[in-house]
Amino acid sequence: IDPLRRYEARSDFEYLDSHLPARHYFQIFAQIMVALGIDWKKIAPHYTMSERQIYGDLQSKFSGHIPQATWARVPKREHDALSIIGGTATFADPLGETRQMISNAEPICHGKVLILGDSHSSILSSNNLTYLMSSAFELCEFHWNPFAIREEPAPTDADMVVMEISQRFIL
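Now for a quick tour of the structure. (Residues numbered from 1 in each chain as written. Predicted model: local features only at pLDDT ≥ 70, side-chain atom pairs only at ≥ 80, totals over all residues. Heavy atoms only, no water.)

Observations concerning the overall build of the protein chain
Broken down by element type, the protein chain carries 4 helices and 7 strands. Shown N-terminal to C-terminal, the secondary structure of the protein chain runs as helices and strands in the order α-α-β-α-β-β-β-β-α-β-β. A separation threshold of at least 6 residues defines the contact pool for the protein chain, and within that pool the share at least 24 residues apart is 64%. When the accessible surface of the protein chain is summed, it comes to about 9900 Å², and 56% of that surface belongs to carbon and sulfur atoms. (Helix = DSSP H or I, 4+ residues; strand = E, 2+ residues; numbered from the N terminus. Contact = heavy atoms within 4.5 Å. Areas by Shrake-Rupley, 256 points an atom, 1.4 Å probe, with all protein chains shown as cover.)

Structural data, given as structure tokens:
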């Protein structure tokens, strides 16, 4: 995210959420794609940023009030045809049971990716890394598995595996 510093202002971080601004997720997505050997110049033109309402995870912790939606910019693929074909539609209870299998009828890249991560990957509707990877590949499988300490996922036929660990949890 260092290359973004020249485009940022302190106000970009004045929101009540423990997660990164959307353009940081987009930058991480770009780095993942390059690490997978995919030409980023062919991927980038398919994405833009759009406005949507989100609920910050720190609103009730800091204000003591019921969370209220605020407007935020999120990454969006120009044409996405995504369907959850397995797992949970939203967060499971307990959280560690959250899993999604997402199919993309209009992929940019061939293949299936398995993501082991936490809220920075998150479920499809959060528009974080799972959304970005799902919108690029034919299939994306997400397992809530921070630090990869949960039970091993079932055997997979994934072509690529992405393990996301939040640095904020590393002591």
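So, next bit.
So, the packing of aromatic side chains
Under the criterion given, the structure shown has 7 aromatic pairs. Ring geometry for Phe 91 against Trp 144: centres 6.0 Å apart, planes inclined by 80°, an arrangement best described as edge-to-face. With Phe 91 in the loop between β3 (82-87) and β4 (99-104) and Trp 144 in strand β6 (residues 139-144), this residue pair connects regions lying 53 residues apart in the sequence. The class of Trp 144 is buried, set by a relative accessible area of 12%. Ring geometry for Phe 142 and Trp 144: centres 6.3 Å apart, planes at 80°, overall edge-to-face. For the residue pair Phe 142 and Trp 144, the accessibility class agrees, reading buried in each case. (Phe/Tyr/Trp six-rings, centres within 6.5 Å; stacked < 30°, edge-to-face > 60°. Buried < 20%, exposed > 50% of the residue type's maximum accessible area, 1.4 Å probe, protein only.)

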